[in-house]
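Listed here are the chains, written in short residue letters.
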Amino acid sequence: MIESPDRTPLPREFFDRPVLEVARDLLGRTLVRRTDDGPIEVRLTEVEAYAGEIDPGSHAYRGRTARNAVMFGPPGHAYVYFTYGMWHCLNLVCCPEGTASGVLLRAGEIGTGRHLARRHRPTARHDRELAKGPARLATALDVDRTLDGTDACAGADSPLSVLAGSPVTPEQVCSGPRTGVGGEGAAHPWRFWIDGDPTVSPYRAHAPRKRRT
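The residue count restarts for each chain, going from 1 along the sequence in the order it is written. The model is predicted, so local features are restricted to residues of pLDDT at least 70 and side-chain atom pairs to those at 80 or more, both for listing and for counting; the totals for chains, interfaces and linings are taken over all residues. With hydrogens and water excluded, all non-hydrogen atoms of the structure serve as input to the side-chain values.

Trainee: Even after reading the chapter, I still don't get the overall build of the protein, so can you show me in this structure?
Mentor: Across its full length, the protein holds 4 helices and 9 strands. C-alpha atoms define the radius of gyration, and 2.2 Å times the number of residues to the power 0.38 defines the globule rule. Computed over the C-alpha atoms, the radius of gyration of the protein is 16 Å, within 12% of the 17 Å expected from 2.2 N^0.38 for a compact globule of 213 residues. Structurally, the protein occupies a C-alpha span of about 55 × 40 × 35 Å along its principal axes. Only protein chains enter the accessibility calculation, which uses a 1.4 Å probe; a residue is then buried when its area is under 20% of its type maximum, exposed when over 50%, and partly exposed in between. Across the 213 residues that make up the protein, the buried fraction comes to 49%. Considering only intrachain contacts with a sequence separation of at least 6, the fraction spanning at least 24 residues in the protein is 62%. Using a 1.4 Å probe, accessible areas were evaluated by the Shrake-Rupley method; residue-level cover was limited to the displayed protein chains. Here the protein displays about 10,900 Å² of accessible surface, and carbon together with sulfur accounts for 51% of that area. Under this rule, positive means Lys or Arg and negative means Asp or Glu; His and the chain ends count for nothing. Taken as the charge location is NZ of Lys, CZ of Arg, CG of Asp or CD of Glu. Side chains of the protein give 28 positive and 26 negative charges; the mean places of these two sets differ by 9 Å. Helical segments are the DSSP runs of H or I of at least four residues, strand segments are the runs of E of at least two, and each set is numbered from the N terminus. Residue contacts follow a heavy-atom distance rule, with two residues in contact if any of their heavy atoms lie within 4.5 Å.

Structural data, given as structure tokens:
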């Protein structure tokens, strides 16, 4: 018998822990995005951990700015950033306030609200591609900078929340280098994913940008 995912909201204490613990433990959880047209839910299958000011790969490595200020705030809030002039990415802040750590939500399986996710991602060839990658996940869930700072532990009135879902066993978790991270942070095995899940995005090593001559 297959048990239904647990609908219990994750408390703030869940996020008030070291970033590597939170990242692994988010796999299998259910992220809920509440929109004007109805809810969209995604089972998280791939994440990456970023350890703030001790992590060269983190937006907070060089300290607090207007862009990354949410990362220094209370755990359980959403950090949304805009990248390459066209995509948004969604992170969940963790660790105690003042410690700028966060988990990038890289991929997941859309369940409830799949028709809404398809409306946001009309070019997806298959349902498994709707949230296969961080920009696709944010697009499918209609996430943009207006959600930056959203409290994902504020209950059913919040546009974002995380439910207990169906957490995976340690044997199901794989880890490796983070996608697209170069320099001193390139070797950190801080990307975590569910082994064999078809919604996990392909790994791509960092490719330095070529300077125009």
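So much for the structure itself; the text now carries on.
Trainee: Help me understand the packing of aromatic side chains, please; the structure alone is not making it clear to me.
Mentor: In this description, an aromatic ring pair is defined by two values, namely the gap between the centres and the angle between the planes. Only rings of Phe, Tyr and Trp enter the pairing, Trp through its six-membered ring, and a pair is recorded when the two centres are within 6.5 Å. The plane angle decides the type: under 30 degrees is stacked, over 60 is edge-to-face, the rest tilted. Overall, the coordinates contain 2 aromatic pairs when judged by the stated rule. Geometrically, the ring pair formed by Tyr-79 and Tyr-81 is tilted, given 5.6 Å between the ring centres and 40° between the ring planes. Each member of the pair Tyr-79 and Tyr-81 is classed as buried. Above the plane of the ring of Phe-14 lies Arg-17, whose end atom (NZ or CZ) is 4.6 Å from the centre. We call a charge positioned over a ring when the NZ of a Lys or the CZ of an Arg lies within 6 Å of the ring centre and within 35 degrees of the ring normal.

Trainee: Quick question: what am I supposed to make of the pattern of salt bridges here?
Mentor: Two side chains of opposite charge can pair, provided their charged atoms sit close to one another. Here, a salt bridge means any Lys or Arg side-chain nitrogen found within 4 Å of an Asp or Glu carboxyl oxygen. Counting across every chain of the model gives 16 salt bridges. We note a salt bridge from Arg-12 to Asp-151, for which the minimum N-O separation is 2.8 Å. Here the residue Arg-12 occupies a position in helix 1 (residues 12-15), and Asp-151 occupies one in the loop between helix 4 (134-140) and strand 7 (160-165), the gap between them amounting to 139 residues. By relative accessible area, which is 28% here, Arg-12 ends up partly exposed. We note a salt bridge from Asp-37 to Arg-119, for which the minimum N-O separation is 3.3 Å. Of this pair, Asp-37 sits in the loop between strand 2 (30-35) and strand 3 (38-50) while Arg-119 sits in helix 3 (residues 114-120), placing them 82 residues apart in sequence. For Arg-119, a relative accessible area of 53% gives the class exposed. One salt-bridge network, held together by shared partners, links Arg-17, Glu-21, Asp-25 and Arg-29.

Trainee: How should a nonpolar patch on the surface be read in this particular structure?
Mentor: On the surface, a cluster of nonpolar side chains totalling about 380 Å² of accessible area is made up of Tyr-84, Met-86 and Trp-87. Looking at the secondary structure, you find Met-86 in the loop between strand 4 (78-83) and strand 5 (87-94). Residues form patches when they are more than 30% accessible in relative terms and have no salt bridge. Like charges link within 9 Å. Nonpolar side chains (Val, Leu, Ile, Met, Phe, Trp, Tyr) link within 5 Å.

Trainee: Mind showing me how you'd approach unusual backbone geometry here?
Mentor: The phi torsion of most residues other than glycine is negative, and most of the peptide bonds are trans. For Tyr-84, which is not glycine, the phi dihedral falls at a positive 55°. Positionally, Tyr-84 belongs in the loop between strand 4 and strand 5. Taking relative accessible area as the criterion, Tyr-84 reaches 63% and is therefore assigned exposed. In this structure, Cys-95 is a non-glycine residue whose phi angle is positive, near 70°.

Trainee: What is the right way to read helix 2 (residues 19-26) from this model?
Mentor: Think of an α-helix as turning once every 3.6 residues; residues three or four places apart then point the same way. What helix 2 keeps buried is the set Val-19, Val-22, Ala-23 and Leu-26. Take helix 2 and look down its axis: the buried residues cluster within an arc of 100°, on one side only. Looking at the buried positions of helix 2, the neighbouring elements they touch are helix 1, strand 3, strand 5, strand 6 (101-110), strand 7 and strand 9 (191-194). Of the residues trailing helix 2, Gly-28 is marked for its positive phi of about 90°. What the arc measures is the spread of directions leading from the helix axis to the C-beta atoms.

Trainee: Even after reading the chapter, I still don't get the state of the cysteines, so can you show me in this structure?
Mentor: Throughout this description, disulfide means a covalent bond between two cysteine sulfur atoms. Working definition: a disulfide is two cysteine sulfur atoms within 2.5 Å of each other. In the structure shown here, the tally under the stated rule is 0 disulfides. You can see Cys-153 has no disulfide; the closest cysteine sulfur is in Cys-94, sitting 11 Å from it.

Trainee: When you look at the environment of Thr-150 in this model, what are you seeing that I'm missing?
Mentor: Along the polypeptide, Thr-150 turns up in the loop between helix 4 and strand 7. Of the residues examined, Thr-150 reaches a relative accessible area of 10% and is grouped as buried. Taking the C-alpha atoms as reference points, Thr-150 and Asp-25, 125 residues apart in sequence, are found 21 Å from one another. The contacts of Thr-150, once residues within four sequence positions are left out, are Gly-76, His-77, Ala-78, Ser-158, Pro-159 and Leu-160. Polar contact is the term for a pair of N or O atoms within 3.5 Å; when the atoms are in protein, one must be able to donate a hydrogen and the other to accept it, and sequence-neighboring residues count only if both atoms are side-chain atoms. Polar contacts involving the side chain of Thr-150 include one to the main-chain carbonyl oxygen of Leu-147, which spans 2.7 Å.

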